[in-house]
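Structural characterization, general
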Amino acid sequence: MNVVPNPDRMPPASGGGENLTEIRWHARGGQGAVTAAKMVAELALGQGKYFQAFPEYGPERSGAPIVAFTRVSDEPIQIYCGIEHPAIVVVLDASLIAATDVLKGAPDDAIVLVNSEMSPAQLREHYGLAGGRLFTIAATRIAMETIKRPIPNTPMVGALTRVTGLFPIEKVVEFLRYEFGKKFPPKVVEGNISAITRSYEEVQSE
Amino acid sequence: MAETHAGPIAVTGNEAVAEAMRQINPDVVCAYPITPQTEVVQLYAQMVADGAVDTEFVTVESEHSAMSAAIGAAAGGARTMTATSSQGFALMWELLYVAASYRLPIVMTTVNRALSGPINIHCDHSDTMGGRDSGWLQIYGENHQQAYDNCLQSVRIAEHMDVRTPVMHMYDGYVISGAIGPLVILQDEKVRDFIGPFKAINPMLDVEHPVTVGPFDGLHGWYFEHKVAQNRAMDRSFKVIQDVADEFAEITGRHYGLLEPYRLDDAEIAIVVIGSTAGTTRMVVDKLRARGVKAGMVRVRVFRPFPHEAYAKALEHVKVVGVMDRADSFGAQGGPLFLEIRAALYDSDPRPQVLPFVYGLGGRDIFPDNIEQAFAVLEETARSGKRATSERRYLNLRKD
């Protein structure tokens, strides 16, 4: 049988041009990671960029670990596969660090953004996490205080905006006001905007 | 969704096709509304409920019934569409042949997904590859835009009087169907002008001119001649598919052919591939070209009818061709696409080597590196100048 050997270490993917940004999301079912991955894609669209957002489909159980992906680029994206070497890793539930290798394939300078009450130094010590440039944000608490629900996805997008510089924060707020405004009452919209802006301010770096 | 957009919108592949269907506004859509159905008919049912379309939406108890109802509607004289995927497609099986032999211009979206078992809901091409001899035209898309564009063009192709044969158009399950990507949509009136009004031929509902559809033909009937007529329509459809694509290009600027060669003119090695993996392959070709490797590729757009002469012309100068199949034909010499390409090149002199690769079954991911490894096999074979074994090569297969 001819099995073409799989290389141990794959080279970084391209196919979306020089400015391709690849984000991998780790979360548990129910935390809104897929919605966040889509939100970033739509923000990219608003900035005239190209985008892709997709979950790794699996059993849809609340609480089960899930992975989702977002690609953003200045050029059309024609690569169609999961992201193996993410420049950005977003973890919506810190307990996943103990359960899965969230840094798998990520380069040493990857941005790693974790939803946690801990500081980056505390988080590293607690989980024995090595590698990446670590940022933390208490996204679940911020969500509880602003949206009144423990869904950390919107605050994570606020923190992501800060640590990556992918989009100006004003554009994110503008987007939320418009898109959420079509679907939700003003109170919910303002709660989400507050979640985004607070996370933008409160994200902690090393 | 809004009526018109100048720029791209962010949608899933399924949303792209539902939007195309809204603009087509068929008379009848028959669909089985439960899994393995896709979001396409769910979204369309919403459009029907919202009054966005005038379609008679017929929900049925199985995919077998969905195709039966589509046949009835189309024979009655209605512009008819449906959508399916995976096991649902398999359950339509016997009616696929009926729809084609009655020459009913039904258009069906099929989201490519694996067939059981083991139970698997993910992307591969086993479903529609199994229907390749059913008499339907088959058009494969690569991305969101092509899913939308192919859906619109399928209506014109199916209804053309030189064809009058059902058309299925495909895109990759989940990879495109469930993923968000950019889509540029046409204005509603442009779509209306492009597809034109539906012309029913010998409709059963025209009681002034009664016709019989689907009678017993018998041992001494015309079954054989009827099948030959179906094949003639397939031959005629090559030109129709291209003409429709050219007309579509005039209004959209997006050009389509029967096949889509890429950096092939001076290529010494090339891959032939279907669906979203064509995008990843194109990227790998660019990477290899930057290293000085004379690599090229062909994306398959139209699989039925299979434009074998065009493939022979496109590939005859290539030393080694790798064919990537996302479906297998168990016990055959290779996957369905491999068999076509190898046969197409048989009369070429010199004859390129054609090697079979199988990948991505049951949604197994296919990374740029796996494709690069396939190219490495082609490159090595070309360099050696010897004939390589024509056994299947598996990409991203687990070792244990």
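Below: a short report on this structure. (Residues numbered from 1 in each chain as written. Chains lettered and ligands numbered in written order. Predicted model: local features only at pLDDT ≥ 70, side-chain atom pairs only at ≥ 80, totals over all residues. Heavy atoms only, no water.)

Some thoughts on the overall build of chain B
Defined as follows: Each helix is a run of H or I in the DSSP string that is no shorter than four residues. Each strand is a run of E no shorter than two, and both are numbered from the N terminus. Put simply, the radius of gyration uses C-alpha atoms, and a globule should come to 2.2 Å times the residue count raised to 0.38. Three labels apply to residues, based on accessible area from a 1.4 Å probe with only protein chains included: buried if under 20% of the type maximum, exposed if over 50%, partly exposed otherwise in between. When checking whether two residues touch, look at their non-hydrogen atoms; a contact exists if any pair is within 4.5 Å. Only the protein chains shown count as cover for residues, and all accessible areas are computed by the Shrake-Rupley method using a 1.4 Å probe. Positive: Lys, Arg. Negative: Asp, Glu. His and the chain ends are not part of the count. A charged residue contributes its charge at one atom only: NZ of Lys, CZ of Arg, CG of Asp or CD of Glu.
Within chain B, the regular secondary structure consists of 13 helices and 15 strands. For 400 residues, the compact-globule formula gives about 21 Å, and the C-alpha radius of gyration of chain B, at 21 Å, lands near that figure. Taking all 400 residues of chain B together, 59% fall into the buried category. Considering only contacts within chain B whose residues lie at least 6 apart along the sequence, 80% involve residues at least 24 apart. Taken as a whole, chain B presents about 16200 Å² of accessible surface, with 52% of it coming from carbon and sulfur. Charged side chains of chain B number 37 positive and 50 negative; the gap between the two group centres comes to 8 Å.

Comments concerning the pairing of strand β4 (residues 65-73) of chain A
Residue and element names in this part refer to chain A. Using the following cut-off: Any two strands with at least two DSSP bridges between them are considered paired.
Counting buried positions over the nine residues of β4 gives eight, a clear majority of the element. Where strand β2 (residues 21-28) and β4 come together, eight bridges link them in antiparallel fashion. Residue pairing in the sheet places W25 in a bridge with A68 of β4. Where strand β3 (residues 50-55) lies against β4, six bridges are found, and the strand directions are antiparallel. Within β4, the residue paired with P55 across the bridge is A68.

Focus: unusual backbone geometry
Residues and elements named next belong to chain B. Cis peptide bonds are those with omega within 30 degrees of zero, and the linkage from T35 to P36 qualifies with 15°. Position of P36 among the secondary structure elements: in the loop between β2 (28-31) and α2 (39-49). Of the consecutive residues R304 and P305, the connecting peptide bond is found in the cis state with omega at 0°. Structurally, the position occupied by P305 is in the loop between β12 (302-304) and α11 (308-315). Residues other than glycine seldom take positive phi values, yet S86 does so here, at roughly 50°. We note that N396 has phi near 55°; this positive angle belongs to a residue other than glycine. When you line up the elements, N396 lands in the segment after β15 (393-394).

Here's the deal with the sheet that holds strand β4 (residues 80-85) of chain B
All names here are of chain B. Heads up, the condition is: Here, axes are lines fitted to C-alpha atoms. For helices the fit covers the stretch in contact, and angles between N-to-C directions go from 0 to 180 degrees.
Strands sit in the order β3-β2-β4-β5-β7-β6-β12 across an open sheet of seven strands; the sheet is mixed. Because the sheet does not close on itself, it has two edges, and the strands there are β3 (56-59) and β12. Recorded for the sheet is a direction-independent mean angle of 20° between the axes of neighbouring strands. One ladder, built from two bridges, connects β2 with β4; its direction is parallel. When the bridges of β4 are listed, V29 appears paired with M81. The sheet strands contacting α2 are β2, β3, β4 and β7 (167-172), and the helix crosses β3 at an angle near 135°.

A word on the state of the cysteines
The condition is simple: Defined by distance alone, a disulfide is two cysteine sulfur atoms within 2.5 Å.
Tallying each qualifying case throughout the model produces zero disulfides over all chains. There is no disulfide at A:C81, and the cysteine sulfur nearest it, in B:C123, is 13 Å away.

Regarding the nonpolar core
Residues and elements named next belong to chain B. Filter applied, for reference: Think of a nonpolar core as a cluster: buried Ala, Val, Leu, Ile, Met, Phe, Trp, Tyr and Cys residues, connected wherever their side-chain atoms sit within 4.5 Å. The source of the domain bounds is an automatic or database domain assignment.
By size, the foremost hydrophobic cluster in this structure holds 99 residues, and its most contacted members are M67, Y311, L315 and I341. Mapping this core onto the domain boundaries places at least three of its residues in each of domain 1 (9-252) and domain 2 (259-394). Beyond its immediate stretch of four places on either side in the chain, M67 contacts T82, M92, L95, L96, A99, I106, M108 and W136.

Quick word on the side chain of B:R304
All names here are of chain B. What counts here: Here a polar contact means two N or O atoms within 3.5 Å. Within protein one must be a hydrogen donor candidate and the other an acceptor candidate, and residues neighboring in sequence count only if both atoms are side-chain atoms.
Note that R304 resides in strand β12. A relative accessible area of 12% means that R304 is categorised as buried. Among the polar contacts listed, one links the side chain of R304 to the backbone oxygen of R132, at a separation of 3.0 Å. Ignoring anything within four residues of it in the chain, the contact list for R304 reads R132, D133, W136, L137, Q138, M234 and E340.

By themselves, these are just geometric observations and shouldn't be taken as functional.
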